[in-house]
Amino acid sequence: MSDVFGVSGVRGASSAESGPDESALGRIALGLDGVRAAQRGRTAEARASFEALWEELGERDVFHRCVLAHYLADLQDDPRAELEWDRRALAAADSLTAERARTYDSALQVRAFYPSLHLNLASDHLKLGEPDLAREQLERAVRSLDALPEDAYSAGIRAAVDELRQRLR
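Residues numbered from 1 in each chain as written. Predicted model: local features only at pLDDT ≥ 70, side-chain atom pairs only at ≥ 80, totals over all residues. Heavy atoms only, no water.

> Hey, could you run me through the overall build of the protein in this one?
The helix and strand tally for the protein stands at nine helices and zero strands. Ordered by position from the N terminus, the helices and strands of the protein form the series α-α-α-α-α-α-α-α-α. Every one of the 169 residues in the protein was classed for burial, and the buried ones make up 42%. Relative to all contacts within the protein whose residues are 6 or more apart in sequence, the contacts with residues 24 or more apart total 55%. Entry remark: accessible area of the protein is about 9,100 Å², with carbon and sulfur atoms responsible for 50%. (Helix = DSSP H or I, 4+ residues; strand = E, 2+ residues; numbered from the N terminus. Buried < 20%, exposed > 50% of the residue type's maximum accessible area, 1.4 Å probe, protein only. Contact = heavy atoms within 4.5 Å. Areas by Shrake-Rupley, 256 points an atom, 1.4 Å probe, with all protein chains shown as cover.)

> Where do I start with the environment of L164 in this structure?
Counting through the fold element by element, L164 comes out in helix α9 (residues 152-167). Distance from L164 to A122, taken between C-alpha atoms, is 8.2 Å for residues 42 residues apart in sequence. Filtering out sequence-adjacent residues up to four positions away, L164 remains in contact with L119, A122, S123, L126 and L138.

> Just to check I follow, could you spell out the packing of helix α5 (residues 79-94) against helix α7 (residues 114-127) for this structure?
How two helices pack is summed up by the angle between their axes together with the distance between the axes. Contact geometry of α5 with α7 gives a least axis separation of 9 Å together with a crossing angle of 155 degrees. Between α5 and α7, the interaxial angle falls into the category roughly antiparallel. For the pair α5 and α7, the sense of crossing is left-handed. Contact with α5, carried on its side by P79, E82, L83, D86, R87, A89, L90, A93 and D94, involves Y114, L117, H118, N120, L121, D124, H125 and K127 of α7 and no other residues of that element. (Axes fitted to C-alpha atoms, helices over the stretch in contact; angles between N-to-C directions. Parallel < 35°, antiparallel > 145°, perpendicular 65-115°, else oblique. Left-handed = near helix turned anticlockwise from the far one by under 90°.)

> Would you explain the nonpolar core in this entry?
Buried together is how nonpolar side chains tend to be arranged in soluble globular proteins. Residues F63, L68, L96, F113 and L117 are the most contacted members of the largest nonpolar core, which totals 31 residues. Elements represented by at least two residues in this core include exactly α2 (22-39), α3 (43-57), α4 (62-74), α5 and α7. Counting residues per element, this core draws most heavily on α4, which supplies eight residues. If we skip the residues at most four places from it in the chain, L117 touches C66, H70, A89, L90 and A93. By size, the runner-up hydrophobic cluster in this structure holds 11 residues, among which are L119, A134, L145 and I157. (Core = buried A, V, L, I, M, F, W, Y, C linked by side-chain atoms within 4.5 Å.)

> Would you take a moment to explain α5 for this structure?
An α-helical turn contains 3.6 residues, so any two residues separated by three or four positions project in the same direction. For α5, which comprises 16 residues, the first-to-last C-alpha distance of 22 Å matches the rise-based estimate of 22 Å (1.5 Å per residue) to within 8%. Looking only at α5, the buried set comprises E82, L83, W85, D86, A89, L90, A92 and A93. Its buried side turned inward, α5 meets α3, α4 and α7. (Expected span 1.5 Å × (residues − 1).)

> What's the story with the environment of A122 in this structure? I'm lost.
Topologically, A122 is positioned in helix α7. A residue is classified by how much of its surface remains accessible, and A122, at 0% relative accessible area, is buried. Excluding residues that lie within four positions of it along the chain, A122 makes contacts with A134, Q137, L138 and L164.

> What am I meant to see in the packing of α7 against α9 here?
Close contact between α7 and α9 brings their axes to 11 Å; oriented N to C, the two are set at 30 degrees. By the criterion of interaxial angle, the relationship of α7 to α9 is roughly parallel. Both α7 and α9 take part in a crossing whose hand is left-handed. Contacts between α7 and α9 involve P115, S116, L119, A122, S123 and L126 on the former and, on the latter, Y153, I157, A160, V161, L164 and R167. For the contact of α7 with α9, the per-class residue count stands at nine nonpolar, two polar and one charged. (Nonpolar A, V, L, I, M, F, W, Y, C, P; charged D, E, K, R; others polar.)

Okay, structure coming up:
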């Protein structure tokens, strides 16, 4: 998770002449504060830190915005707010180029984000009593499963897709 909050932006961002990039350090601090609060079950505090980080990132860093919106969705008490943050995560992923994603990790595939993003949207719509929209998003998740590698995380996504499919029958 450290890379999510701008640590990668710090690599090479400081030099002997210029010193550390204060804005990058501030983003890291906000992210770490949010992570600590979330781990301790202080969701309101976590939301506040992550929302401040969201504002700090602005439109310039869609990779981090995608991941951050994904986390923020999980911290919402209101299902409509959760849906809105999941939509923001999807919009950020849609605007993230494969080339930009590879600046964080040479093996990172943007396509691999989509099963989880669409699964979350399907779950949001089901919570809101919108089963047709949930099915639509679930179908998008299913169509994108081939982008996932064979690992434990992907197995969890596949299992969640199957579980939601059963609930929607």
